Amino acid sequence: MSIRKAGGDWEPMLLPIEPRHCKVCKQGLYRDKTILRGGWSRCTVCDEFVHYSCLASGKVSFLKARPRVCKTCRAAQIAGSNPGISTDHPVAVGS
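I will try to describe carefully the structure that is included in this document. (Residues numbered from 1 in each chain as written. Predicted model: local features only at pLDDT ≥ 70, side-chain atom pairs only at ≥ 80, totals over all residues. Heavy atoms only, no water.)

**So, the state of the cysteines**
Line of reasoning, step 1. Scanning all chains against the criterion turns up zero disulfides.
Line of reasoning, step 2. With no disulfide partner, Cys43 has as its closest neighbouring cysteine sulfur the one in Cys46, 3.6 Å distant. (Disulfide = S-S within 2.5 Å.)

Right under this line is the structure:
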């Protein structure tokens, strides 16, 4: 298929195909690489596709947490709710 460039020359119309990459490990999400390794799933927090192995683990290490959350979003959730870094109580310095 071709398109006309500004009413002049005809150029082939090429559809760019942009591969998806895993947000956690930055590797490609290709069916030939991931189908035998568990595939991929969408994170419910960031709504990005990630490898199944890049999802956060559940109570049992080989099962994944529900709802599906990637390791990056899980780390951000844990860091945001860390009770050790509390600003509610004043801390005495140098005593």
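Still more to cover.
**Structural notes on the environment of Ser41**
Line of reasoning, step 1. Relative to the assigned elements, Ser41 resides in strand 3 (residues 40-42).
Line of reasoning, step 2. Classification of Ser41 by relative accessible area gives buried; the value is 18%.
Line of reasoning, step 3. Taking the C-alpha atoms as reference points, Ser41 and Leu55, separated by 14 residues in sequence, lie 8.1 Å from one another.
Line of reasoning, step 4. Other than its neighbours up to four places away in sequence, Ser41 contacts Glu48, Phe49, Val50, Leu55 and Arg68. (Helix = DSSP H or I, 4+ residues; strand = E, 2+ residues; numbered from the N terminus. Buried < 20%, exposed > 50% of the residue type's maximum accessible area, 1.4 Å probe, protein only. Contact = heavy atoms within 4.5 Å.)

**Digging into the nonpolar core**
Line of reasoning, step 1. Ranked by size, the top nonpolar core spans ten residues in total: Cys22, Leu29, Cys43, Phe49, Val50, Cys54, Leu55, Val69, Cys70 and Cys73.
Line of reasoning, step 2. The residues contacting Cys22, other than those within four sequence positions of it, are Gln27, Leu29, Phe49, Val50, His51 and Cys54. (Core = buried A, V, L, I, M, F, W, Y, C linked by side-chain atoms within 4.5 Å.)

**Some words on the packing of aromatic side chains**
Line of reasoning, step 1. For the structure shown, the criterion picks out zero aromatic pairs.
Line of reasoning, step 2. Directly above the ring of Tyr52 sits Lys64, whose terminal nitrogen or CZ lies 5.6 Å from the centroid. (Phe/Tyr/Trp six-rings, centres within 6.5 Å; stacked < 30°, edge-to-face > 60°. Lys NZ or Arg CZ within 6 Å of the ring centre and 35° of its normal.)

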